[in-house]
2 protein chains.
Amino acid sequence: MAGPLSRSPLAPAGGFPALPRIAGVRFAAAEAGVRYRNRKDVMLAEIAAGSAVAGVFTRSATRSAPVLWCEEKIAAPHDPAQGFAILVNSGNSNAFTGKNGHEAVERTARGAADALGVPLEHVFVASTGVIGEPLPAERITARLAELAASLDEGQAEAAAQAIMTTDTFPKGAAATAAVGGKTVTISGFAKGSGMIEPNMGTMLAYVFTDAAVAQPVLQQMLRELCDVTFNAITVDSDTSTSDTLMVAATGKAGNPVIDSLDGTDAQAFRQALHGVLLDLAQQIVRDGEGATKFVSITVEGAASDASARIVGKAIGNSPLVKTALAGEDPNWGRIVAAIGKAGEPADRDRIGIRFGDILVAENGWVAQSYKEADGAAYMKRPEIAITVQMGVGEGRATVWTCDLTHQYISINADYRS
Amino acid sequence: MAGPLSRSPLAPAGGFPALPRIAGVRFAAAEAGVRYRNRKDVMLAEIAAGSAVAGVFTRSATRSAPVLWCEEKIAAPHDPAQGFAILVNSGNSNAFTGKNGHEAVERTARGAADALGVPLEHVFVASTGVIGEPLPAERITARLAELAASLDEGQAEAAAQAIMTTDTFPKGAAATAAVGGKTVTISGFAKGSGMIEPNMGTMLAYVFTDAAVAQPVLQQMLRELCDVTFNAITVDSDTSTSDTLMVAATGKAGNPVIDSLDGTDAQAFRQALHGVLLDLAQQIVRDGEGATKFVSITVEGAASDASARIVGKAIGNSPLVKTALAGEDPNWGRIVAAIGKAGEPADRDRIGIRFGDILVAENGWVAQSYKEADGAAYMKRPEIAITVQMGVGEGRATVWTCDLTHQYISINADYRS
């Protein structure tokens, strides 16, 4: 790594938000020296007994040992009388580390279970950083007593910082919702999009709420919302071995348990959770390696929502579209080419494109009203909205991405050398 | 465009090959001023009566008007008593040009038909360059008489130059084969350097032979060979609206007509054609925008050949792998991640990776014998061979790609502005 990166120009103004405390959840962070020096690189979260915990994980065929562990533990039955732990380190992803990888997971998870007095099956772990190097588990376990002793409801920001790799800012978001006459609070943090030591923009996100939510409902809601938030962002099309998104609901708000996806309470909670997840996901794009443009791509009139998302991703992952954005070039022809390569149904003679409110193309050709100067002026903005009309149906999706710049190349060609 | 690009460091030594003449095929090139100034930008090829012509084209949903025209014409019956024409311009792709696009195709094709005295249905056209601007057909038709008058068997190099866009060198290849006691000759040229993941950037290739080959055999052979040549290369994962690969066989060599895919003659011809197509496809990678490394990626032990190709493409299209190659960083962890994201069957604990003859990883972890210094030294070569073992079957495929450099960003962030 060629030295510290400066804060992304797209970072939210005002720095890390003042995250509300969530009753039943405490955090701690420490310097374990896994790889980095002079910064906190391990975070521990303690979650009260009786909480519901849900998670979704990378589908990579080479997913890491911690991900395999979490998939197994999240699917197993949990003892309602026992609490949970989440232990995360940065600097080393413990991915592609063979048998050693599982052993390191077990050793650190057991350490956390012992330190917090929770069952081993209630400990979730994640690692983010370089791939293929053995995780120095003993450096982490050596800090567990200190971590357990310093747990505090107000330490979310320190936890968010400890899981950063090439991130240029820590990412947090919160919301409240009225559920059954109670105000429930949702608070979370994430990391990702960085170039970092390892190899990829590993994405980790942890969200906590005091709402009472049945675990199957929380899991299903998380899966659905993940599709329209974290699964709808892309920086460079490279899927990590370690992507993890978890939500823990402690029930301390005292609302009637949300035990169905339907109804006013579920809707209110879902909407607030959606907002927090989307905010965190968009912050990851804003911290995309080398990013100078925050770009939303909305595809309408597609054969289905899934088809719209495929087209949106094809546009958002196109190196030619992303370099045009970097060059502030309103090169809509590259958007046309990206639509074409997506392989989804489109009516070539009804395709339309807008930049913000500017009609660029309609009915399969450049709009008569379009002036290149208008497109060029629009492209100078830091936030770009592209809307595509496919002309074949009612499907709709939005994806978020960033541009592809020299800085991305610098970060990733120099990195690790 | 920010000025002429210097010749790719990966260009074949010795410049354009001395392409053999193909009896029954004549070429001409001219300056039509479609977009570029002071260079030839239109080429015309005349193919003798009785020839077999085959072609494969981009599957893009937004394919250009010329591609739609060619698809229709190649599928229609041809009059064996009549010759053919191929008319290609650079500077404007005539893609996403609505009704105007088809009219421009018809106007230029009719001009070529009249100039050469061939049926309109025997004229194939292609256009490569900027998307979404009306093709100035009259600039092309104004040159057709001059082009027809200057047709010559020896003008293949001028034709290859006229179809270039961001190419830094013209691409040609040739081979001979013994077929039924006669020597047949195959000679062709191609262009392309960006928007390259042919799915049959803009990729155009024209190959000519004096062999006698039945059209259905030529078409089937072309389709099969395209999969292991042009469809096995990628520069930037962006499929063009205009990709076109055509082969014309004049039969002037006097060999017994190849009218089956089986048998010694068909095999000999196929092998020679394969060589020419692969050579041209690899030259496109060697001229990849900003390329400094020529990279072959062989995937073995996959569930099927198709699965192996998907994994190879996932590696070859990974921005993180490609930037690591640019940085001469033996970052095999990024290869592991790319294998994972491909979504194909893999045995995580049997995956292996080699750089050339260097064993990097085996059985799901870094090899005990591997030294980072060896990998780093290997990465300094201009030609890199990566071999991946999936550990699940017998499937195998090789794809060819290049690295992703600052120069790619410069070319594509500045282009058109």
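Residues numbered from 1 in each chain as written. Chains lettered and ligands numbered in written order. Predicted model: local features only at pLDDT ≥ 70, side-chain atom pairs only at ≥ 80, totals over all residues. Heavy atoms only, no water.

Trainee: Go over the relation of the copies chain A and chain B, please, and point to the residues and values.
Mentor: With an RMSD of 0.2 Å, chain A superimposes on chain B once it is rotated by 180° and translated 0.0 Å along the axis. What we have between these two chains is a two-fold relation. Across chain A, the smallest distance between a C-alpha and the rotation axis is recorded for A:His406, namely 2.8 Å. Of the residues that chain A buries at the interface, 95% are likewise interface residues in chain B, meaning the two copies contact each other through the same surface. (Least-squares fit on C-alpha atoms with pLDDT ≥ 70 in both. Contact = heavy atoms within 4.5 Å.)

Trainee: Which residues make up the pairing of strand β8 (residues 204–209) of chain A, and what are the values?
Mentor: Strand residues, when the strand is regular, have side chains that alternate between the two faces of the sheet. All names here are of chain A. Most of β8 is tucked away, with 6 of its 6 residues classed as buried. Residues Leu204, Tyr206 and Phe208 point to one face of β8 and Ala205, Val207 and Thr209 to the other, with burial holding for every one of them. With 6 bridges joining them, strand β7 (residues 182–191) and β8 adopt antiparallel strand pairing. In the strand pairing of β8, glycine 188 is matched with valine 207. Relative to strand β10 (residues 244–249), β8 runs parallel, the two being bridged by 6 bridges. (Buried < 20%, exposed > 50% of the residue type's maximum accessible area, 1.4 Å probe, protein only. Helix = DSSP H or I, 4+ residues; strand = E, 2+ residues; numbered from the N terminus. Pairing = 2+ DSSP bridges.)

Trainee: Now, about the sheet that holds strand β8 (residues 204–209) of chain B: what can you tell me, with residues and values included?
Mentor: Residue and element names in this part refer to chain B. Strands sit in the order β3-β10-β8-β7-β6 across an open sheet of 5 strands; the sheet is mixed. Taken across any chain shown, the strands that pair with only one partner, and hence form the sheet edges, are β3 (52–57) and β6 (171–179). Strand-to-strand twist across the sheet, computed as the mean angle between neighbouring axes with direction ignored, equals 15°. Seen against the sheet, helix α1 (residues 65–75) touches β3 and β10 (244–249) and runs at an angle of roughly 140° to β3. Relative to β6, helix α7 (residues 264–286) is tilted by about 170°, and along the sheet it contacts β6, β7 (182–191), β8 and β10. (Axes fitted to C-alpha atoms, helices over the stretch in contact; angles between N-to-C directions.)

Trainee: So, the interface of chain A and chain B: which residues are in play, and what are the values?
Mentor: A common way to express how large an interface is: the accessible area buried when the components associate. Counting residues at the interface gives 57 residues for chain A, matched by 55 residues for chain B. Carbon and sulfur atoms make up 60% of the area that chain A and chain B hide from each other, which totals about 5,000 Å². Joining chain A to chain B, the criterion identifies 0 salt bridges. On inspection of chain A and its partner chain B, the count reaches 8 residue pairs in polar contact (both at pLDDT 80 or more). Elements with a contribution of two residues or more to the side of chain A that touches chain B: α1 (65–75), α2 (98–116), α9 (319–326), α10 (332–341), β14 (365–366) and α12 (406–414) of chain A. (Buried area = accessible area lost by both parts, 1.4 Å probe. Salt bridge = Lys/Arg side-chain N within 4 Å of Asp/Glu carboxyl O. Polar contact = N/O pair within 3.5 Å; in protein donor to acceptor, adjacent residues only side chain to side chain.)

Trainee: With reference to specific residues and values, describe the side chain of A:Arg334.
Mentor: Counting through the fold element by element, A:Arg334 comes out in helix α10. Polar contacts involving the side chain of A:Arg334 include one to the side chain of A:Thr323, which spans 3.5 Å.

Trainee: Could you give an account of the domain arrangement of chain A, naming the residues involved and the relevant values?
Mentor: Residues and elements named next belong to chain A. Domain assignment breaks chain A into domain 1 (25–286) and domain 2 (294–414). Domain 1 puts 14 residues into the contact, and the matching count from domain 2 is 15 residues. Summed over both partners, the interface of domain 1 with domain 2 comes to about 1,300 Å²; 59% of that surface belongs to carbon and sulfur atoms. In this structure, arginine 286 engages glutamate 383 in a salt bridge whose closest nitrogen and oxygen atoms are separated by 2.9 Å. Summed over the shared surface of domain 1 and domain 2, the result is 1 residue pair in polar contact (both at pLDDT 80 or more). (Domains from an automatic or database assignment.)

Trainee: Requested: an account of the packing of aromatic side chains, with residues and values cited.
Mentor: A complete count under the given rule lists 14 aromatic pairs over all chains for this structure. Taking the centre distance of 6.1 Å and the plane angle of 40° together, the rings of A:Phe189 and A:Phe208 count as tilted. Placement of the pair is A:Phe189 in strand β7 and A:Phe208 in strand β8, with a sequence separation of 19 residues. Like A:Phe189, the residue A:Phe208 is buried in the burial classification. Plain terms: the ring middles of B:Phe84 and B:Phe124 are 6.3 Å apart, the flat faces sit at 20° to each other, and that makes the pair stacked. You can see B:Phe84 sitting in strand β4 (residues 84–92) and its partner B:Phe124 sitting in strand β5 (residues 123–130), a full 40 residues away along the chain. (Phe/Tyr/Trp six-rings, centres within 6.5 Å; stacked < 30°, edge-to-face > 60°.)

Trainee: Could you give an account of the sheet that holds β4(B), naming the residues involved and the relevant values?
Mentor: Residue and element names in this part refer to chain B. Ordered in space as β1-β2-β4-β5, the 4 strands form an open sheet in which the pairing is mixed. The sheet terminates laterally at β1 (25–30) and β5, the two strands that pair on one side only. For this sheet, the mean inter-axis angle between neighbouring strands, taken without regard to orientation, is 10°. Across 6 bridges, the pairing between strand β2 (residues 42–47) and β4 is antiparallel. Bridge pairing in β4 places leucine 44 opposite leucine 87. Here helix α2 (residues 98–116) sits on the sheet in contact with β2, β4 and β5, set at roughly 135° to β5.

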